[in-house]
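Single-letter residue listing:
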Amino acid sequence: ILTMFLAFAARASAQDSSLESILSGFAEAKNFNQVEEIIERLAATGDPRAVLALRSLADGTLMARTSDGRVLVVQGQEPNLTLRDAATGETITETAASASDFQKIKIKNSLRRKIASALSGLTLKAKSPSVRLIAAKTIFERSDASAIEALDEALETEADASVRAAFPILGERVNASSIWPTAS
């Protein structure tokens, strides 16, 4: 019985940290602090599917459907709204979707910076070396101190020689006028 309980608890914990579960928190978020916590949880998953939700949050198209709380990407204008599942990106066919059926998930500028940092961290883990290189370049250009840990981790695990070689070059370009530590 104890083994069954532990297995059930582990499964429940895994489900609680699933992308879908985390995204559903946006529908229930009552303030910016709660939205920030969800952004941090999305970033911590390392799941590349979170990129769609984070980009949509930043551009104002991530919304919660008021009827059931489902978090969707809503694009276009009535009567031609396009709905996409925020976790999978799959298009959802709804016959009578109206803008009034959705509540926009609101953010402020400090959350936009959090989103940018989360996106940088997620794209540093992308499968494509060119995407990882662009992510590193973006972090260096922004002098994003909140991304230092993700950048260090990416450098340690980077397998592509050309991307790995670019990290010190990018860092040297911005060291003179940024927050990046320089050698003493």
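Scroll up a little and you will see the structure.
Source: prediction; values computed, not measured.

**Student:** Go over the overall build of the chain, please, and point to the residues and values.
**Tutor:** Helix and strand counts for the chain stand at eight helices and five strands. Helices (α) and strands (β) of the chain occur, in sequence order from the N terminus, as α-α-α-α-β-β-β-β-β-α-α-α-α. Within the chain, the fraction of its 184 residues that count as buried is 36%. Contacts in the chain between residues at least 24 apart in sequence constitute 56% of all its contacts with a sequence separation of at least 6. Counting every atom, the chain has about 11200 Å² of accessible surface; 53% of that belongs to carbon and sulfur.

**Student:** Please set out the pattern of salt bridges residue by residue, giving values where relevant.
**Tutor:** On inspection of all chains with the given rule, the structure shows six salt bridges. For the salt bridge of K114 with E36, the shortest nitrogen-to-oxygen distance reads 3.4 Å. Taken as a pair, K114 in helix 5 (residues 109–123) and E36 in helix 3 (residues 32–45) lie far apart in primary sequence, 78 residues in all. Take K114: its relative accessible area is 33%, and that puts it in the partly exposed class. Residue classification places E36 among the partly exposed positions, given a relative accessible area of 23%. As a salt-bridge pair, R65 and D68 come within 2.9 Å of each other at their nearest N and O atoms. Overall, D68 belongs to the partly exposed group, its relative accessible area being 48%. When salt bridges with common partners are traced through the structure, they connect E20, D47 and R49 into a single cluster.

**Student:** Please provide a residue-by-residue account of the nonpolar core, values included.
**Tutor:** Judged by nonpolar contacts, the single largest core of 25 residues is most densely connected at L23, F26, I39, L42, L54, L57 and L62. Counting nine residues, the second-largest nonpolar core is a separate cluster that includes L124, A136, F140 and L151.

**Student:** Before we move on, can you summarise the sheet that holds strand 5 (residues 102–104) with the specific residues and values?
**Tutor:** Spatially, five strands are ordered 4-3-2-1-5 in an open sheet, and the strand pairing comes out antiparallel. For this open sheet the edge positions go to strand 4 (91–92) and strand 5, each flanked by a neighbour on one side alone. Both strand 1 (residues 62–65) and strand 5 contribute to a ladder of three bridges, which runs antiparallel. When the bridges of strand 5 are listed, R65 appears paired with F102. Packed on one face of the sheet, helix 2 (residues 19–28) meets strand 1 and strand 2 (71–75) and runs near 75° to strand 2. Along the sheet face, helix 4 (residues 50–59) touches strand 1, strand 2 and strand 3 (82–85) and points at about 95° away from the line of strand 1.

**Student:** So, the packing of helix 2 against helix 3: which residues are in play, and what are the values?
**Tutor:** A pair of packed helices is characterised by two quantities: the angle between their axes and the separation of those axes. Packing of helix 2 against helix 3 leaves a shortest axis separation of 9 Å and a crossing angle of 170°. The angle between the axes of helix 2 and helix 3 places the two elements in the roughly antiparallel class. Residues L19, I22, L23, G25, F26 and E28 of helix 2 form the contact with helix 3, whose participating residues are Q34, V35, I38, I39, R41, L42 and T45. Here the contact of helix 2 with helix 3 is composed, by residue class, of eight nonpolar, three polar and two charged.

**Student:** Any chance you could break down a negative patch on the surface for me, citing the residues and the numbers?
**Tutor:** A cluster of acidic residues, E149, D152, E153 and E156, forms a negative patch on the protein surface. Locating E149 in the fold gives a position in helix 7 (residues 148–157). Exposure remark for E149: the relative accessible area of 67% places this residue in the exposed category.

**Student:** Outline the pairing of strand 3, listing residues and values.
**Tutor:** The two faces of the sheet receive side chains in turn, since in a regular strand these alternate between them. Only one face of strand 3 is buried: it carries L83 and D85, and the other face, with T82 and R84, is open. Linking strand 2 back to strand 3 in an antiparallel pair, the connection comprises six residues, with G76 at a positive phi of about 95°. For strand 3 and strand 4, the ladder comprises two bridges, and the chain directions are antiparallel. Looking at strand 4, one finds that L83 is bridged to I92. The turn joining strand 3 and strand 4, which pair antiparallel and follow one another in sequence, is formed by five residues; a positive phi near 80° is taken by G89.

Parameters at a glance
- Residues numbered from 1 in each chain as written.
- Predicted model: local features only at pLDDT ≥ 70, side-chain atom pairs only at ≥ 80, totals over all residues.
- Heavy atoms only, no water.
- Helix = DSSP H or I, 4+ residues; strand = E, 2+ residues; numbered from the N terminus.
- Buried < 20%, exposed > 50% of the residue type's maximum accessible area, 1.4 Å probe, protein only.
- Contact = heavy atoms within 4.5 Å.
- Areas by Shrake-Rupley, 256 points an atom, 1.4 Å probe, with all protein chains shown as cover.
- Salt bridge = Lys/Arg side-chain N within 4 Å of Asp/Glu carboxyl O.
- Core = buried A, V, L, I, M, F, W, Y, C linked by side-chain atoms within 4.5 Å.
- Pairing = 2+ DSSP bridges.
- Axes fitted to C-alpha atoms, helices over the stretch in contact; angles between N-to-C directions.
- Parallel < 35°, antiparallel > 145°, perpendicular 65-115°, else oblique.
- Nonpolar A, V, L, I, M, F, W, Y, C, P; charged D, E, K, R; others polar.
- Patch = residues over 30% accessible without salt bridge, like charges linked within 9 Å, V, L, I, M, F, W, Y side chains within 5 Å.
- Lys, Arg positive; Asp, Glu negative; His and termini not counted.
- Charge placed at Lys NZ, Arg CZ, Asp CG, Glu CD.

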